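Per-entry structural report
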Amino acid sequence: MAARVVKNDTVVVVTGRDRGTEGKVTRVLVDQGRVVVEGVNTRIRHVKAKQPGQPAGRVEFFAPVAVSNVAVVCPSCKRGVRLGAKFLADGTKVRVCRSCGDVIEKPEWQKVPSNG
Ligand SMILES: [Zn+2]
């Protein structure tokens with residue numbers, strides 16, 4: 001099982017129509033093994049306004065893609081890489097780049113605030 005992609009990760013699409021497109025993960029559908037990535041897999045939904053003021057017509061949205069079709073971008077390598085995992089001295093499990101060995105930080109929102 002590949003290391004997990006989390007929300008706000010920057011990923012690159014490695015296969016299909018959007019191959020090479022980089023974007024930020026906006027949603028992770030864990031049970032489906034899919035992720036929604038900004039700018040990737042654009043679909044157009046034709047909608048009717050149900051209430052005044054609601055958008056009608058063609059609404060673009062990003063459809064989920066399989067996790068296996070994206071690779072997390074390593075900040076050091078500047079490309080999509082395979083991830084490994086290791087434990088730090090304090091027991092924290094981190095993701096590492098299999099190419100350069102750098103730790104790939106989880107996006108800010110997941111970090112527990114240290115103050116208070
Ligand atoms: Zn790397």
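Let me sum up the structure you'll find in this document. (Residues numbered from 1 in each chain as written. Predicted model: local features only at pLDDT ≥ 70, side-chain atom pairs only at ≥ 80, totals over all residues. Heavy atoms only, no water.)

A look at the coordination of the zinc ion
For a metal with four tetrahedral donors the ideal donor-metal-donor angle is 109.5 degrees, while six octahedral donors give ideal angles of 90 or 180 degrees. Rule in force here: The donor set comprises N, O and S atoms within 2.8 Å of the metal, extended to 3.2 Å for Na, K and Ca; water molecules are omitted, so apparent gaps in a site may simply reflect that omission. Any coordination sphere not matching a tetrahedral pattern (four donors, all angles between 85 and 135 degrees) or a square planar or octahedral pattern (four or six donors, opposite donors over 155 degrees apart, other angles between 65 and 115) is reported as irregular. Only protein chains enter the accessibility calculation, which uses a 1.4 Å probe; a residue is then buried when its area is under 20% of its type maximum, exposed when over 50%, and partly exposed in between.
Only Cys74 (SG), Cys77 (SG), Cys97 (SG) and Cys100 (SG) from the protein reach the zinc ion as donors, at distances of 2.2 to 2.4 Å. In this structure, the zinc ion is coordinated by four donor atoms arranged in tetrahedral fashion, with angles at the metal of 104 to 113 degrees. The exposure class of Cys77 is partly exposed, given its relative accessible area of 23%. A relative accessible area of 36% means that Cys100 is categorised as partly exposed.

Things to note about unusual backbone geometry
Phi is positive for Asn8, close to 75 degrees, though the residue is something other than glycine. Judged by its relative accessible area of 29%, Asn8 falls in the partly exposed class.

Structural notes on the environment of Phe87
The condition that has to hold: Think of it this way: any DSSP run of H or I at least four residues long counts as a helix, any run of E at least two long counts as a strand, and we number them from the N terminus. Residues are treated as being in contact if the distance between any of their heavy atoms lies within 4.5 Å.
Counting through the fold element by element, Phe87 comes out in strand E9 (residues 83-87). Taking the relative accessible area as the measure of exposure, Phe87 reaches 59% and is therefore exposed. Apart from the residues within four sequence positions on either side, Phe87 is in contact with Thr92 and Lys93.

Structural notes on the sheet that holds strand E10 (residues 93-97)
Going by this rule: Strand pairing is assigned whenever DSSP detects at least two bridges linking the two strands.
Taken in spatial order, the three strands make up an open sheet running E9-E10-E11, and their pairing is antiparallel. Edge positions in the sheet fall to E9 and strand E11 (103-104), since each of these pairs with one other strand and no more. Of the strand pairs in this sheet, E10 and E11 are connected by two bridges, and their pairing is antiparallel. Looking across to E11, one finds that Arg95 is bridged to Ile104.

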